[in-house]
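# Survey of secondary and tertiary structure
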Amino acid sequence: MSQPTHHLSDDTSDRLYTPEELASYAAAEDARSRPDPLSDPLPDLEHTVVRPRATQPAAPPPPPAAPVAPARQVTPVAPASGPAGGPPAGPPPAPPARPAGGPPQGPPPSAPPATATRGATEPPAEPRRFMTATDFLERRADAIEPGPATWGWRGRVRRWSGGTIRPRMNAAERAYTQDRALIQKDFDGPVTIAFINPKGGAAKTTGVLAAGHTFGTVRGGGVVAWDNNETRGTLGIRGSRSTHHKTTKELLADLDKFADVSQSRIGDLGSYVRSQGDAHFDVLASDESANVTGQIHADDFNSIHQLLMRFYRVILVDTGNNMRAENWLAAADAADLLVVTSTVREDTGYSGLWMLDALQEAGYQNLKYKTVTVLSDPSATVDRKLADDLVDIYQQRTRGVYRVPYDPALVAGSVLPYAELSRGTRMSWLRACAGMASAL
């Protein structure tokens, strides 16, 4: 007996899918789930909503072409005899046999509700597959080789050949170039470096002037050396002279001139600071009057410090010998970096270590990473074992130790002759200032 042919209309609620419809559905699902190799080789896996083919198809397939009548999927409803909105009164009719390799039996379920994830509510960010203009410039800057050699026989070969032969820099010249680049780097804002040691003769003033010369010539200005002695210091007489004799005392008395930020200018400071000429930095001297009364207090320090930060990028502070003075403590609080200066002598070395112990007990944090040490040779010959001991212990207490050789140009105690500093002194201070800059 022949099987009766079922003719179902589009609005039939219990129609069965034909094998041709199911095959078309499977082909559409395969095409929809197969990734396009040209669209995005790096999909955003974090926000991709995975829907298994077998149970969660996104949507029913498009209606098949003629001769099969287009089908409209509807939700099965109960027969008229069942309760409204309830389950069907009887079991649903069995679907036809599933062809080999076809989809699961039964009509494809409707799409699941949207998942409450970022990937379902907004399109995923497209991964960057290209280099930006900034990336390009940074890569080019990193790829630039240092210029040809200028030192030694390599430099002579380059000059004799008229530049046709360009030998590379040796290790020493390359290190010199890198140190200069560190000193010239941009800071986030004005930086303050305080040179400290409570003992006199520890080369604080000499260190401030040498660091001022190094920072000033390498950076091209924007540097001030400030004598923050509570009474009278020697930075003013060790630096180059000026046509005026004003100091921090007169500047404190005239601070009202700089109260209006829109009207005050760096040139207005010219009658209070002393230019160091070719060294490209200024000196602000401490009170040089013979009056034994009056001191610089913490508020005074803060007022001058705020003013100097408006006009200078690097502020080098020469401190006094009294750790209990208000302005000494204010300088230690305001400093972005502390520089312990000491000569290779047992007393000055001990004094610097004692000071670090006192600051640690007073609650100063991160002294190891906020402090560097500069050890200067007080004479042409020094105790080598003592020098090694000081280097070892200061290496444990600070982030770096820098040795400065003895220089005859510094022993007179008069105006520091920048042009007469030996090559060894210049190179040592360049290395020390590069270490300071890298710590900031």
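Residues numbered from 1 in each chain as written. Predicted model: local features only at pLDDT ≥ 70, side-chain atom pairs only at ≥ 80, totals over all residues. Heavy atoms only, no water.

### Let's talk about a nonpolar patch on the surface
So the rule is basically this: A patch consists of residues whose relative accessible area exceeds 30% and which take part in no salt bridge; residues with like charges are grouped when within 9 Å of each other, and nonpolar side chains (Val, Leu, Ile, Met, Phe, Trp, Tyr) when within 5 Å. Areas reported as accessible are Shrake-Rupley estimates using a 1.4 Å probe. Residue values count occlusion only from the protein chains shown. One side-chain nitrogen of Lys or Arg within 4 Å of one carboxyl oxygen of Asp or Glu is enough to make a salt bridge. Helix and strand labels come from DSSP, where a helix needs a run of H or I of at least four residues and a strand needs a run of E of at least two; each type is numbered from the N terminus. Residue burial is assigned from relative accessible area. The probe radius is 1.4 Å, only protein chains are included, and a residue is buried under 20% of its type maximum, exposed over 50%, and partly exposed in between.
A cluster of nonpolar side chains, Met 131, Phe 136 and Leu 137, forms an exposed patch at the surface whose accessible area comes to about 310 Å². Structurally, Phe 136 is set in helix α3 (residues 133–143). Judged by relative accessible area, Phe 136 falls into the partly exposed class, the value being 41%.

### Concerning the packing of aromatic side chains
Defined as follows: The rule is short: rings of Phe, Tyr and Trp, with Trp giving its six-membered ring, pair when the centres are within 6.5 Å, and they are stacked under 30 degrees, edge-to-face over 60, tilted in between. Only when the NZ of Lys or the CZ of Arg is both within 6 Å of the ring centre and within 35 degrees of the ring normal is a charge said to sit over the ring.
All told, the structure shown has four aromatic pairs when counted by the stated rule. With a centroid separation of 5.2 Å and an interplanar angle of 50°, the aromatic rings of Trp 151 and Tyr 176 are classed as tilted. Here the residue Trp 151 occupies a position in the loop between α3 and α4 (152–160), and Tyr 176 occupies one in helix α5 (residues 171–183), the gap between them amounting to 25 residues. Here Tyr 176 falls in the partly exposed class, since its relative accessible area comes to 26%. It is Arg 423 that lies over the ring of Trp 151; its NZ or CZ is 4.8 Å from the centre.

### A word on the packing of helix α9 (residues 298–311) against helix α10 (residues 326–334)
Two packed helices can be described by the angle between their axes and the distance between those axes. As a reminder, the rule being used: To get an axis, fit a line to the C-alpha atoms, keeping to the stretch in contact for a helix; angles then go from 0 to 180 degrees between the N-to-C directions. Roughly parallel means an angle under 35 degrees; roughly antiparallel, over 145; roughly perpendicular, 65 to 115; everything else is oblique. For any pair of crossing helices, the crossing counts as left-handed if the nearer helix is rotated counterclockwise from the farther one by less than a right angle, and right-handed if it is rotated clockwise. Contact criterion: two residues are considered in contact whenever any of their non-hydrogen atoms come within 4.5 Å of each other. In this count, Pro and Cys sit with the nonpolar residues alongside Ala, Val, Leu, Ile, Met, Phe, Trp and Tyr, while Asp, Glu, Lys and Arg are called charged and the others, Gly among them, polar.
At a minimum axis distance of 7 Å, the contact between α9 and α10 shows a crossing angle of 45°. The orientation of α9 relative to α10 falls into the category oblique. The way α9 lies across α10 gives a crossing that is right-handed. Contacts from Ala 298, Phe 301, Asn 302 and His 305 of α9 reach α10 at Glu 326, Asn 327, Ala 330, Ala 331 and Ala 334. Residue classes in the contact of α9 with α10 are distributed as five nonpolar, three polar and one charged.

### Here we look at the nonpolar core
Which entries qualify depends on this criterion: Each nonpolar core is a collection of buried residues, namely Ala, Val, Leu, Ile, Met, Phe, Trp, Tyr and Cys, held together in the definition by side-chain atoms within 4.5 Å.
One finds Leu 308 and Leu 359 to be the most contacted residues of the largest nonpolar core, which totals 40 residues. Within the residue set of this core, elements represented by two or more residues are β1 (191–196), β2 (223–228), α9, β5 (314–319), α10, β6 (337–343), α11 (346–361) and α13 (384–397). Ranked by residue count, the leading element in this core is α9, at five residues. In this structure, Leu 359 is in contact with Ile 196, Met 323, Trp 328, Leu 338, Tyr 364 and Leu 367, ignoring residues within four places of it in sequence.

### Details of the pattern of salt bridges
Scanning the entire structure with this criterion turns up seven salt bridges. For Arg 265, the salt bridge is made with Asp 268, and the minimal N-O distance between the two is 3.0 Å. In this structure, Arg 345 engages Asp 347 in a salt bridge whose closest nitrogen and oxygen atoms are separated by 3.0 Å. When its relative accessible area of 30% is taken as the criterion, Asp 347 is described as partly exposed. Connected through salt bridges with shared partners, the residues Lys 199, Arg 345 and Asp 347 form a single ionic network.

### What to know about the side chain of Thr 205
Looking at the element boundaries, Thr 205 is found in helix α6 (residues 204–219). Residue class for Thr 205 comes out buried when judged on its relative accessible area of 13%. Not counting residues up to four positions away in its chain, the partners in contact with Thr 205 are Thr 234, Leu 235, Arg 238 and Asp 318.

### Comments concerning the side chain of Thr 247
Position of Thr 247 relative to the elements: it lies in the loop between α7 (235–238) and α8 (248–253). Setting aside chain neighbours within four positions, we find Thr 247 in contact with Arg 274, Leu 284, Ala 285, Ser 286, Asp 287 and Glu 288.

### Focus on the pairing of β6
Here is the key point about a regular strand: its side chains alternate between the two faces of the sheet. The test is simple: Pairing between strands requires that DSSP locate at least two bridges from one strand to the other.
Judged by how many residues are buried, β6 sits mostly within the fold: seven of seven residues are covered. What you see with β6 is no split at all: Leu 337, Val 339, Thr 341 and Thr 343 on one side and Leu 338, Val 340 and Ser 342 on the other are buried throughout. Bridge count between β1 and β6: four bridges; the pairing is parallel. When the sheet's bridge partners are listed, Phe 195 is paired in β6 with Val 339. Of the pairings in the sheet, the one linking β6 to strand β7 (residues 371–376) comprises six bridges and is parallel in character.

### Let's talk about the environment of Arg 397
Our working rule: Two N or O atoms count as a polar contact when they lie within 3.5 Å, although within protein this holds only if one can serve as hydrogen donor and the other as acceptor, and sequence-adjacent residues are included solely when both atoms are side-chain atoms.
With respect to the secondary-structure elements, Arg 397 resides in helix α13. Expressed as a C-alpha distance, the spacing of Arg 397 and Leu 356, which sit 41 residues apart in the sequence, is 8.0 Å. Excluding residues within four positions of it along the chain, Arg 397 makes contact with Leu 353, Leu 356, Asp 357, Leu 367 and Lys 368. Polar contacts involving the side chain of Arg 397 include one to the side chain of Asp 357, which spans 2.9 Å.

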